[in-house]
Amino acid sequence: MRECTRFYSFAQWGFMKQTLVDIGVNLTDKQFSGDREAVVERAVEAGVTTMILTGTNCQESIEVAELAEQFAPYCYATAGIHPHDAKNATDEQYITIKELLAFPQVVAAGEMGLDFNRDFSPRPVQEQVFEQQLELAVNSGLPAFCHERDASERFAEIIKEFRDDLSGAVVHCFTADKKALYRYLDLDLHIGITGWVCDERRGTHLHPLLKNIPADRLMIETDAPWLLPRSMSPKPKKRRNEPAFLPWIVKTIAEQTGKTEALIAEETSLTAKRFFNLDQGE
Ligand SMILES: [Zn+2]
């Protein structure tokens, strides 16, 4: 562990004074059950001093709220029901989510949205559960943390109905095409970019699009433990992704936009802190 910390230490990167915000970390995942604290420690050492922990169902949302409290001031949480879990949503769960949204460390409603790629829940159910959570987001005043796969048109239609009353919304792990990107930017949504952009097999279509995302709409995330950046060298022995690896995403975005890593770090951090309304004390 220690060796690994040294290897990916903050000093490796050129933007030592700039800290990063990882807007999507699945810290409740069982892949982290043995060393959660070390994972957070390594992230902080790598300069990733703010992590938003994703809640993807009711139970997990409770857990991430607890973890965010445990790992304050580095971690915050979201509370919501992922479209995969939409089929299991109950009225009681909405009440719990609503209560969680009032906790100070819970900074967004979600993960919520539509996934017509895997269709783990029937589409009409996904849509209904998405709408109910958008309503919770509106009522809480918190932004929405959204998931969308192969459902861009319906997603945009639904969110449009709520947009005027929503403080903000981010489409996390954006992997779609230019048309979808502009559809979202037209609705004044934020865009979350993951290590998908570091994937030479399936992420290169995103490269020319990166320039089209305004700095005040672009945020970055590892989606750890998933999506280990394929550009990483050397690769960690475990194929598990960690928030400490966020700088690899910064590197790719910098290369593709012609900006410096320091500037990408600064811009994405500022955008995330504004979006999630985090303390601007730094
Ligand atoms: Zn997602």
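Throughout what follows, the structure given in this document is the object of discussion. Just so we're clear, the structure is a prediction, and the values are computed from it rather than from any experiment. (Residues numbered from 1 in each chain as written. Predicted model: local features only at pLDDT ≥ 70, side-chain atom pairs only at ≥ 80, totals over all residues. Heavy atoms only, no water.)

With respect to the sheet that holds strand S2 (residues 48–53)
Phase 1 of the analysis: Spatial ordering of the open sheet is given by S1-S2-S3-S4-S5-S6-S7-S8, a layout of eight strands whose pairing is parallel. Lying at the two open borders of the sheet, with one neighbouring strand each, are strand S1 (20–25) and strand S8 (218–220). Across this sheet, the average inter-strand angle for adjacent strands is 30°, counted without regard to direction.
Phase 2 of the analysis: In this structure, strand S3 (residues 75–79) lies alongside strand S4 (residues 106–115), joined through three bridges in parallel fashion. Residue pairing across strands places Thr78 opposite Ala108, the latter belonging to S4.
Phase 3 of the analysis: Those strands touched by helix H3 (residues 58–70) are S2, S3 and S4, and its axis lies near 165° from that of S3. (Pairing = 2+ DSSP bridges. Helix = DSSP H or I, 4+ residues; strand = E, 2+ residues; numbered from the N terminus. Axes fitted to C-alpha atoms, helices over the stretch in contact; angles between N-to-C directions. Contact = heavy atoms within 4.5 Å.)

A look at the nonpolar core
Phase 1 of the analysis: Counting residues in hydrophobic clusters, the biggest one holds 75 residues, and the most contacted among them are Ile159, Phe174 and Ile193.
Phase 2 of the analysis: Among the nonpolar cores identified, the runner-up in size contains 13 residues, and Ile52, Phe145, Phe275 and Leu278 belong to it. (Core = buried A, V, L, I, M, F, W, Y, C linked by side-chain atoms within 4.5 Å. Buried < 20%, exposed > 50% of the residue type's maximum accessible area, 1.4 Å probe, protein only.)

Quick notes on the side chain of Asp29
Phase 1 of the analysis: Looking at the secondary structure, you find Asp29 in the loop between S1 and helix H2 (36–45).
Phase 2 of the analysis: Buried and without a salt bridge, Asp29 has Lys30 as its closest oppositely charged side chain, separated by 5.4 Å.
Phase 3 of the analysis: Not counting chain neighbours up to four residues away, the residues in contact with Asp29 comprise Arg36, Pro225 and Trp226. (Lys, Arg positive; Asp, Glu negative; His and termini not counted. Salt bridge = Lys/Arg side-chain N within 4 Å of Asp/Glu carboxyl O.)

Here's the deal with the coordination of the zinc ion
Phase 1 of the analysis: Donor atoms from the polypeptide that bind the zinc ion are Glu111 (OE), His147 (ND1) and His172 (NE2), placed at 1.9 to 2.2 Å.
Phase 2 of the analysis: Going along the chain, you hit the donors of the zinc ion in the pattern E-x35-H-x24-H. Of this pair, His147 sits in strand S5 (residues 144–149) while His172 sits in the loop between strand S6 (169–171) and helix H7 (178–186), and the two are 25 residues apart along the sequence. Both residues of the pair, His147 and His172, belong to the buried class. (Donors = N, O, S within 2.8 Å, 3.2 Å for Na, K, Ca; no water.)

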